[in-house]
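This is what each chain is made of:
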Amino acid sequence: LIGVYTNRHGERWELQLKGSGKTPYSRNGDGRAVLRSSVREFLCSEAMHYLGIPTSRAASLVVSDDDVWRDQFYNGNIKKERGAIVLRLAKSWFRIGSLEILAHSGELDLLRRLLDFIIQEHFPSIAKNDSNRYLEFFSTVVSETANLISLWMSVGFAHGVCNTDNFSLLSITIDYGPFGFMDSYDPNFVPNTSDDERRYKIGNQASVGLFNLSKLLQALKPLLDPRQKQLASQILEGYGEHYHSRFTELFKTKLGLLGEDENDSYLIAFLLKVSLLC
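For clarity, every value in this text was computed on a predicted model and none was experimentally measured. (Residues numbered from 1 in each chain as written. Predicted model: local features only at pLDDT ≥ 70, side-chain atom pairs only at ≥ 80, totals over all residues. Heavy atoms only, no water.)

A. Just the domain arrangement of the protein, in detail. For the protein, the assigned domains are domain 1 (3-90) and domain 2 (96-255). Each of domain 1 and domain 2 has a C-alpha centre, and these two points are 22 Å apart. Between domain 1 and domain 2, the contact holds 20 residues from the first and 20 residues from the second. Here domain 1 and domain 2 share an interface that buries about 1,500 Å² over both sides, 60% of which is from carbon and sulfur atoms. Between domain 1 and domain 2 we count two salt bridges in total. Residues glutamate 121 and arginine 12 are paired through a salt bridge, measuring 3.7 Å at the closest nitrogen-oxygen approach. Linking domain 1 with domain 2 are eight residue pairs in polar contact (both at pLDDT 80 or more). Those elements that place two or more of their residues in the side of domain 1 that touches domain 2 are strand E2 (12-18), helix H1 (35-50) and strand E4 (79-90). In terms of residues, the side of domain 1 that touches domain 2 owes the most to one element, H1, which gives five residues. (Domains from an automatic or database assignment. Contact = heavy atoms within 4.5 Å. Buried area = accessible area lost by both parts, 1.4 Å probe. Salt bridge = Lys/Arg side-chain N within 4 Å of Asp/Glu carboxyl O. Polar contact = N/O pair within 3.5 Å; in protein donor to acceptor, adjacent residues only side chain to side chain. Helix = DSSP H or I, 4+ residues; strand = E, 2+ residues; numbered from the N terminus.)

B. Quick look at the environment of arginine 88. Tracing the chain through its elements places arginine 88 in strand E4. Classification of arginine 88 as buried rests on a relative accessible area of 6%. For the pair arginine 88 and glutamate 41, spaced 47 residues apart in sequence, the C-alpha separation works out to 9.3 Å. Setting aside chain neighbours within four positions, we find arginine 88 in contact with Glu14, Leu15, Gln16, Lys18, Glu41, Arg57, Ala58, Ala59, Trp93 and Asp175. One polar contact links arginine 88 to glutamine 16, side chain to side chain, over a distance of 2.9 Å. Within the structure, the side chain of arginine 88 is placed 3.0 Å from the side chain of aspartate 175, a separation counted as a polar contact. (Buried < 20%, exposed > 50% of the residue type's maximum accessible area, 1.4 Å probe, protein only.)

C. Quick peek at the sheet that holds strand E3 (residues 57-70). Taken in spatial order, the four strands of this open sheet run E1-E2-E4-E3, and their pairing is antiparallel. At either margin of the open sheet sits one strand with a lone partner, and together these are strand E1 (3-6) and E3. Between one strand axis and the next, the sheet turns by 25° as a mean value, whatever way the strands run. Pairing analysis gives five bridges linking E2 to E4, with the strands arranged antiparallel. Note on E4: the bridge partner recorded for lysine 18 is valine 86. Those strands touched by H1 are E2, E3 and E4, and its axis lies near 160° from that of E3. (Pairing = 2+ DSSP bridges. Axes fitted to C-alpha atoms, helices over the stretch in contact; angles between N-to-C directions.)

D. Structural detail: the packing of helix H2 (residues 96-104) against helix H3 (residues 108-122). Where H2 meets H3, the closest approach of the two axes is 9 Å, and the angle between their N-to-C directions is 160°. Classed by the angle they form, the pair H2 and H3 counts as roughly antiparallel. Note on packing geometry: the crossing formed by H2 with H3 is left-handed. Contacts between H2 and H3 involve Ser98, Leu99, Leu102 and Ala103 from the first element and Leu110, Leu111, Leu114, Leu115 and Ile118 from the second. Along the lines of polarity and charge, the residues of the contact of H2 with H3 split into eight nonpolar, one polar and no charged. (Parallel < 35°, antiparallel > 145°, perpendicular 65-115°, else oblique. Left-handed = near helix turned anticlockwise from the far one by under 90°. Nonpolar A, V, L, I, M, F, W, Y, C, P; charged D, E, K, R; others polar.)

E. Examining helix H6 (residues 226-237) more closely. In this model H6 runs 17 Å from its N-terminal to its C-terminal C-alpha over 12 residues, within 8% of the 16 Å that 1.5 Å per residue would give. Here H6 has its buried residues at Gln228, Ala232 and Leu236. Looking straight down H6, one finds its buried side chains confined to an arc of 80°; they lie on one side. Residues of H6 that are exposed and angled more than 90 degrees away from the buried face: Pro226, Gln230 and Glu237. Residues of H6 that are buried in the fold lie against helix H4 (133-154), helix H5 (205-220) and helix H7 (239-255). Where H6 starts, the residue carrying a side-chain oxygen 3.1 Å from the main-chain nitrogen of arginine 227 turns out to be aspartate 225. (Expected span 1.5 Å × (residues − 1). Arc of directions from axis to C-beta.)

F. Fine view of the pattern of salt bridges. Following the criterion strictly, the structure yields 17 salt bridges and no others. For aspartate 67, the salt bridge is made with lysine 80, and the minimal N-O distance between the two is 3.9 Å. One end of the pair, aspartate 67, is in strand E3; the other, lysine 80, is in strand E4, with 13 residues separating them in the sequence. For aspartate 67, a relative accessible area of 48% puts it in the partly exposed group. In this structure, aspartate 264 engages lysine 252 in a salt bridge whose closest nitrogen and oxygen atoms are separated by 3.2 Å. Note that aspartate 264 is positioned in helix H8 (residues 264-277) and lysine 252 in helix H7, a separation of 12 residues in sequence. Each member of the pair aspartate 264 and lysine 252 is classed as buried.

The following block contains the structure:
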């Protein structure tokens, strides 16, 4: 993260470099990025923006003189590739993992301070002195995460690595790695060649979203009283309904269906099954 920029429209963007080298938080990697993956992130993040899907943006791409060694297909065939650096932007780069790590390490004062900062900066509808602000924050993240994954599914987008460190607290698409778009409908589609267990196949994305939100709730629980914990659990239980409602709405729009009909969901499921058989 190299700073915060406010544009002429008063919009606040956090600037981040991908591929610029090691940081204190690098996990046994060289911190570099290759040209092919950098171009893919640049193009896809911009495409997602113009598809109307919340996402980080790409401002620029610079080709590096550094050689980067990568095993592209994870088959032991390591090759030298050209490096590159992407300057990317987002309203915030905080993720579920940003809170999870603080709760796990018992840094509850820092967890509270960080949450208050995130709410003040990015959730203006939540009063900073409201005793239920963490509950309202969680409710918003649950519904917006369901909306985001529904949007992914509506265009056949598979993120590839849907862990808590790649799920934005602002429910935007971040960290384009081994993503992919389905050429034809297949719920078992996996764009990540290293995902041997198909954990992040496209048909699992909604379920993985629920799993990640449960990890967020686990991180928030030390800051909630017993009543708030119970209400938060009820909010999480409503995730499936949020997702199904938004998914149905998006697919009805794609099909040109008007009004409400109890058979709409059946029709959508039937057409997807037919697509699979074709």
